[in-house]
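# Structural characterization, general
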Amino acid sequence: MSVQNVLNLIKEKNIEWVDFRFVGLSGKAQHISLPSTEVDEETFVNGVAFDGSSIPGFRGIEQSDMVMMPDTETAYVDPFTAHPTLVIMSNIHTPEGDRYDRDPRSIAQKAEEYLQTTGVGTTAYFAPESEFFIFDDVRFENGMNKSYFEVDSEEAGWNTGRKEEGGNLAYKVPVKGGYVPVAPIDSQQDIRSEMCNKLADAGLRIERHHHEVATAGQAEINFRFDTLTKTADNLLKYKYIVANTAREYGKVATFMPKPLFGDNGSGMHVHMSIFNEGNPLFYEKGSYANLSEMAINYIGGILYHAPALIAITNPSTNSFKRLVPGYEAPVNLVFSKGNRSAAVRIPIAAVTPKGCRIEFRTPDSTANPYLAFAAMLMAGLDGIKKKIDPRALGYGPYDTNIYEMSDSEKAEIRSVPGTLDEALDALAADSDFLLEGGVFTQDFIDNYIDLKRGEAKQVAIRIHPHEYNLYFDC
C-alpha cells in the first residue's frame, strides 16, 4: 500500500487518529497516536519521534531520541476504538536515519535479506500456532508479606461444586479434557468466532479455531502462513485482537505459557518452510516424511542450536514451567514425523509439496516473534550451510512415544535447558550463527542476555508460596 493509498484510506474511513506502533525487546507493542489531520506525506518520510530511554533495553537517557518509520503495508483499522483509528507498524531508526540495531522488526527484515544472499532460497514462510487461555477472573499480588495468584473460569474443572452460579450448570472441562469438545462443554465458541471475525476484518486469513487441551478456557486460532516479518506483524495483531475481544466479553485472555499448575500450558508451535521463486525446497517424494536433504539439514540446525535458540523462543522464567515432561510440551530435542512428543515434528497428514514443512514445537508466546522467527531461520540456515545431519548426531528420527520410553532410553536423548538462566548460558556460548550477515549484533545479544538475566533474578529472589509448605516447620 502506497503512502497515497494510506492517506486515501484515512479519508474514506473518516479516520480521526493514526496509531503508530513499534515493538520493544519484550515483544509487546508500544504506540503513539497522531490526529489524522497531522498525518501527511512528510510523516512517512520524517517519521514519528519518541523517547527510546523509556523502553527497556533500548537506549540510555543521554541518547534517547529515536524515530518510528511507518510501514504503510501494515495499515489496518482498529476494531476497538470509539474514535476511528488506523494502526500502522513501524521500524525504529536513529535520528541520523540509520536502522536501529536493537529494533526487533529490523532484525526480522535483515534475516529475510540474509536468506536471499545465501543462495539457498528467496522466501521463508512461517505459521505460528499461538495458544492462549480465556479466564473470567485473574488476581495476583506480590508484596513484602504476601504473594499469590488466583485465576478462575466458569468452565474450569475445579468448579464442578461451585454454588455461586445460581445453580451450577455442570459441563465443566476436565483437566486435560478440553481438546475439541462441542458445546455445552466448550462454552467459548462464540467468543472465538468473534475474535476470528475481527482478525479477518484486520486482514488475517483464518484457517480454524477450537478449544485446546487444558481446562479453564484454553483456546487456539490458526491463521494463514506468510513471510517472516509479515507473520510477526500478524502475530502482534492476533494477540492484540484476542486480548481486546476477550475484554469486550468481560473476560481476560493470556498467552502466558503456564498459568495453571497440573494441566497443559500454552505453546506457540511454529511451522517453517523455504521456497525459491515460488518452488518449495523442503519436499522430496519418497524420502523420510517426504523431506528433502535441505529440510533435514534445516532441522539439524534447529536442534543443534536449540539450547541457545530457546533463550529467544522461550524467554521467560514461566516458559520453563511448561517445558516439563508429561504435558505435551516438547522437551526432547529430536525430530519425528507426526509425533507431538518431539521438539521438531514433520506434519504428514494431507500435506502437498507446497505444504511440506517442519514444525518447531518448543516455542511459546512470551517470545518476541520478530526475534524468534529470525533466530529460527538463522539456525536452520546454519544447518543448511554446514550440512548438519540430525540423524548422525542422534536427534532421530524417533517415531515412538518418547514419554513412554524407559529411563535408560530417555537418557540418550538431549533435553531442552531446565531454566531461563541455563538457556541464556547456552546463548552466550553459541551465538555466532546469529551474527551471520549482520542480522543480530553482539551488542544486541549481550544487551538481551543482561535484560533477561535481570528478569530471572527478580523471580529467583522472591519467596514462593510453596516454600511455606516445604520449609515453614523445618
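Residues numbered from 1 in each chain as written. Predicted model: local features only at pLDDT ≥ 70, side-chain atom pairs only at ≥ 80, totals over all residues. Heavy atoms only, no water.

An unreviewed UniProt entry lists the protein chain under the name Glutamine synthetase, with Paenibacillus oryzisoli given as the organism. Recorded in UniProt under Subunit (unreviewed entry), the annotation for the protein chain is "Oligomer of 12 subunits arranged in the form of two hexagons." Its UniProt record gives the protein chain the following Sequence similarities (unreviewed entry) comment, quoted word for word: "Belongs to the glutamine synthetase family." (UniProt positions renumbered as here; feature names shortened; annotations may be inferred.)

## Thoughts on the UniProt feature "modified residue: O-AMP-tyrosine" (unreviewed entry) in the protein chain
UniProt marks Tyr-403 with the feature "modified residue: O-AMP-tyrosine" (unreviewed entry), using the numbering shown here. Structurally, Tyr-403 is set in the loop between helix 9 (369-386) and helix 10 (407-410). You can call Tyr-403 partly exposed: its relative accessible area is 24%. Other than its neighbours up to four places away in sequence, Tyr-403 contacts Pro-325, Gly-326, Glu-328, Ala-329, Pro-330, Asn-332, Ser-341 and Lys-410. (Helix = DSSP H or I, 4+ residues; strand = E, 2+ residues; numbered from the N terminus. Buried < 20%, exposed > 50% of the residue type's maximum accessible area, 1.4 Å probe, protein only. Contact = heavy atoms within 4.5 Å.)

## Examining unusual backbone geometry
The omega torsion of the bond from Ala-183 to Pro-184 falls at 10°, within 30 degrees of zero and hence cis. Within the secondary structure, Pro-184 sits in the loop between strand 9 (147-152) and helix 4 (189-201). The omega torsion across Gly-396 and Pro-397 is 10°, close enough to zero to call that bond cis. With respect to the helices and strands, the residue Pro-397 is situated in the loop between helix 9 and helix 10. Positive phi outside glycine occurs at Lys-176, with the angle close to 60°. Along the polypeptide, Lys-176 turns up in the loop between strand 9 and helix 4. Judged by relative accessible area, Lys-176 falls into the partly exposed class, the value being 41%. Unusually for a residue other than glycine, Ala-289 sits at a positive phi of about 55°. Looking at where Ala-289 falls in the secondary structure, it is placed in the loop between strand 15 (279-280) and helix 6 (293-304). According to the relative accessible area criterion, Ala-289 is buried, its value standing at 12%.

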